[in-house]
Amino acid sequence: MPTKDTATPRLEVRKTYKLYIGGVFPRSESGRSYVVNNAKGKFLANASQASRKDARDAVVAARKAFGGWHARTAYNRGQVLYRIAEVMEGRHQQFSAEVAAGEGLSISKARAVVDASIDRWVWYAGWADKLAQVVGSSNPVAGPYFDFSLPEATGVVAVLAPQDSSLLGLTSVIAPAIVSGNTVVAVSSYERPLPAVTLGEVMATSDVPGGVVNLLTGSASEIGPWLASHDDVNAIDLCGITSDDEARDLEIAAAGNLKRVRRPAEEDWSADQGLSRLTQYLELKTVWHPIGV
């Protein structure tokens, strides 16, 4: 007669997730971590709690990667963003489970969020080689010259990611910054960091050069002032800040090197994003060239 399966139940493998800086996954130099629970308060994992040194390391990595990333053709950057979408599609089930657990959604609604996030990467990828035609211009001048205004990336962009939308919101603020040639240091949702960590794993296994996207887990309120006051950060998105007083303090800190600041506002991340985030982190370079005889 067949015997009853008496296999010993497996012990749960509890994960401690790391940061994503410069294309690798270091622990926080401070040694700190914090507990991540699901929407019902059940333990999910431990996440590294980034420190000031981690934020500075991420800015250094982003600055180092900026020259090479910005120098790539727009078409190539579009290919890289499309590759992110491809790799995410292959990890759809994992993203769906993490979004469902963190945001308290049904699995069907979580799948819809992941679908929208992947579609958003594809949408921004399509804009890579079209942005210059829409934003740039050929300017009429009184002389035998060509005069063109062309969009150029701002540099290193710090992002304090949305706290409530752990994947779609994060995608909606990172993708438009990097598609035009900027590099990014992003601080994930504090209570829902797992989709951000998995997105870092996607970056590492796709064609994104190390340092183009750097992901920190931890408190935006703690890390934000260091990024806002950092002289090698050229712009900052405060969409994850919920306090008006805190946003004002970060704006004041950002004034030191005249950073571009995007203030927090109520946003529907599922809505059409338009071009505002694409153009937020661009400079216009005007070039004069004599017309040959």
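## Concerning the nonpolar core
Here's step 1: Counting residues in hydrophobic clusters, the biggest one holds 50 residues, and the most contacted among them are Met88, Trp121, Ile174 and Ile178.
Here's step 2: Setting aside residues up to four positions removed in sequence, Ile174 forms contacts with Trp121, Val184, Ala186, Leu199, Val213 and Leu215.
Here's step 3: Ala55, Leu216, Ala228 and Leu250 belong to the second largest nonpolar core, which has 25 residues in total.

## Here we look at empty space enclosed by the protein
Here's step 1: Counted under the stated rule, the structure contains one cavity of 30 Å³ or more.
Here's step 2: In terms of lining residues, the largest cavity is bounded by Val36, Leu44, Glu98, Gly102, Glu191, Arg192, Pro193, Leu194 and Pro195.
Here's step 3: At the level of elements, α3 (92–103) and α7 (194–205) are the ones that each hand at least two residues to the lining of the largest cavity.
Here's step 4: When the residues that make up the lining of the largest cavity are grouped by side-chain class, the tally is five nonpolar, one polar and three charged.

## Re the pattern of salt bridges
Here's step 1: For the structure on display, the rule yields twelve salt bridges.
Here's step 2: Between Arg83 and Glu86 there is a salt bridge, with its nearest N and O atoms 3.1 Å apart. Of this pair, Arg83 and Glu86 both sit in helix α2 (residues 74–90), three residues apart, roughly one helical turn.
Here's step 3: Under the relative-accessibility criterion, Arg83 is labelled partly exposed at 32%.
Here's step 4: What makes Glu86 partly exposed here is its relative accessible area of 40%.
Here's step 5: Among the salt bridges present, the one from Asp245 reaches Arg248, with a minimum N-O distance of 3.0 Å. Remark: Arg248 and Asp245 occur in helix α9 (residues 244–254); sequence separation between them is three residues, near one turn of the helix.
Here's step 6: Members of the salt-bridge network, linked through shared partners, are Asp237, Glu267 and Arg277.

## A look at unusual backbone geometry
Here's step 1: Even without glycine at this site, Leu258 takes up a positive phi of about 60°.
Here's step 2: Here Leu258 shows up in the loop between α9 and β10 (260–262).
Here's step 3: Using a relative accessible area of 73% as the deciding quantity, one classes Leu258 as exposed.

Scoring rules and cut-offs
- Residues numbered from 1 in each chain as written.
- Predicted model: local features only at pLDDT ≥ 70, side-chain atom pairs only at ≥ 80, totals over all residues.
- Heavy atoms only, no water.
- Core = buried A, V, L, I, M, F, W, Y, C linked by side-chain atoms within 4.5 Å.
- Buried < 20%, exposed > 50% of the residue type's maximum accessible area, 1.4 Å probe, protein only.
- Contact = heavy atoms within 4.5 Å.
- 1 Å grid on protein atoms, 1.4 Å probe; cavity = no way out; pocket = protein on both sides within 12 Å on 5 of 7 lines; lining within 4 Å.
- Points joined across faces, edges and corners; volume = space filled by probe spheres on them.
- Helix = DSSP H or I, 4+ residues; strand = E, 2+ residues; numbered from the N terminus.
- Nonpolar A, V, L, I, M, F, W, Y, C, P; charged D, E, K, R; others polar.
- Salt bridge = Lys/Arg side-chain N within 4 Å of Asp/Glu carboxyl O.

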